[in-house]
Amino acid sequence: MIAIGGQTVACCDSQNRITVDGKPLNEPYIYYLPEAGPPVQSEFGPIKVPEGQLWVMGDSRNNSADSRVPGHGPIPLENVIGKARFVVLPLSRDQVDRRHNPQRVACPCRAVCPSGPPWGWG
C-alpha cells in the first residue's frame, strides 16, 4: 500500500523514488527481479487517489501487476480483508510481522487520518 484516498502519487523523482504528495517514499523492501530488466520504475502520474481507495504497488517493482497497470488502478478500501504478517518469498527475505511504513518520512499517516489509518499503521 503506497497511498490512500486524497493523496497524490507519482513516479519518479531524480533518485527513482515514488512520491506521495510530492515527498519521496522510504522503501527499503523494493526488489528488482534481475531477469525482468534493469532496476528502474516506469514513470506515471501524478494521480490523485480517490477517497475510499488505496494505491498499491508490488515490492518486485519491475515484475508487478499493481495499481500502475492500465485497467487496474486504485482498489476500494472495502476490498482489504487483512494485513500482511509474513514475508515468505523469496526465502532470503523471509520474516515475521514486518511493520515498515513507507510514508513514515513522506507523510505521517496521523496527519491524514486523525485517529490513525484503518489498517493499523501509526
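Here is a short report on the structure shown in this document.

Criteria and cut-off values
- Residues numbered from 1 in each chain as written.
- Predicted model: local features only at pLDDT ≥ 70, side-chain atom pairs only at ≥ 80, totals over all residues.
- Heavy atoms only, no water.
- Pairing = 2+ DSSP bridges.
- Helix = DSSP H or I, 4+ residues; strand = E, 2+ residues; numbered from the N terminus.
- Polar contact = N/O pair within 3.5 Å; in protein donor to acceptor, adjacent residues only side chain to side chain.
- Contact = heavy atoms within 4.5 Å.
- Disulfide = S-S within 2.5 Å.
- Buried < 20%, exposed > 50% of the residue type's maximum accessible area, 1.4 Å probe, protein only.

## Re the sheet that holds strand β2 (residues 8-11)
Then comes step 1: The antiparallel open sheet is built from four strands, whose spatial order is β4-β3-β2-β5. The sheet is open, and its two borders are formed by β4 (23-24) and β5 (44-48), each paired with just one other strand.
Then comes step 2: Relative to strand β3 (residues 18-20), β2 runs antiparallel, the two being bridged by three bridges. Each residue of the ladder has a partner; that of Ala 10, found in β3, is Thr 19.

## Quick word on the side chain of Arg 68
Then comes step 1: Mapped onto the elements, Arg 68 comes out in the loop between β6 (53-55) and β7 (75-76).
Then comes step 2: At 2.9 Å, the side chain of Arg 68 forms a polar contact with the backbone oxygen of Arg 61.
Then comes step 3: One polar contact links Arg 68 to Asp 66, side chain to side chain, over a distance of 2.8 Å.
Then comes step 4: In this view, Arg 68 contacts Ser 42, Phe 44, Trp 55, Met 57 and Arg 61; residues no more than four positions away in its chain are not counted.

## Things to note about the state of the cysteines
Then comes step 1: Inspection of every chain in the model, using the stated rule, returns one disulfide.
Then comes step 2: With its sulfur 1.6 Å from that of its partner, Cys 11 forms a disulfide with Cys 12.
Then comes step 3: Owing to a relative accessible area of 7%, Cys 11 belongs among the buried residues under this scheme.

## What about unusual backbone geometry?
Then comes step 1: Of note, the bond from Cys 11 into Cys 12 is cis; its omega dihedral lies within 30 degrees of zero at 5°.
Then comes step 2: On the secondary structure map, Cys 12 appears in the loop between β2 and β3.
Then comes step 3: One non-glycine residue with positive phi stands out, namely Asn 16, at about 65°.
Then comes step 4: Even without being glycine, Asp 21 reaches a positive phi, approximately 50°.
Then comes step 5: Within the secondary structure, Asp 21 sits in the loop between β3 and β4.
Then comes step 6: With relative accessibility at 41%, the residue Asp 21 sits in the partly exposed group.

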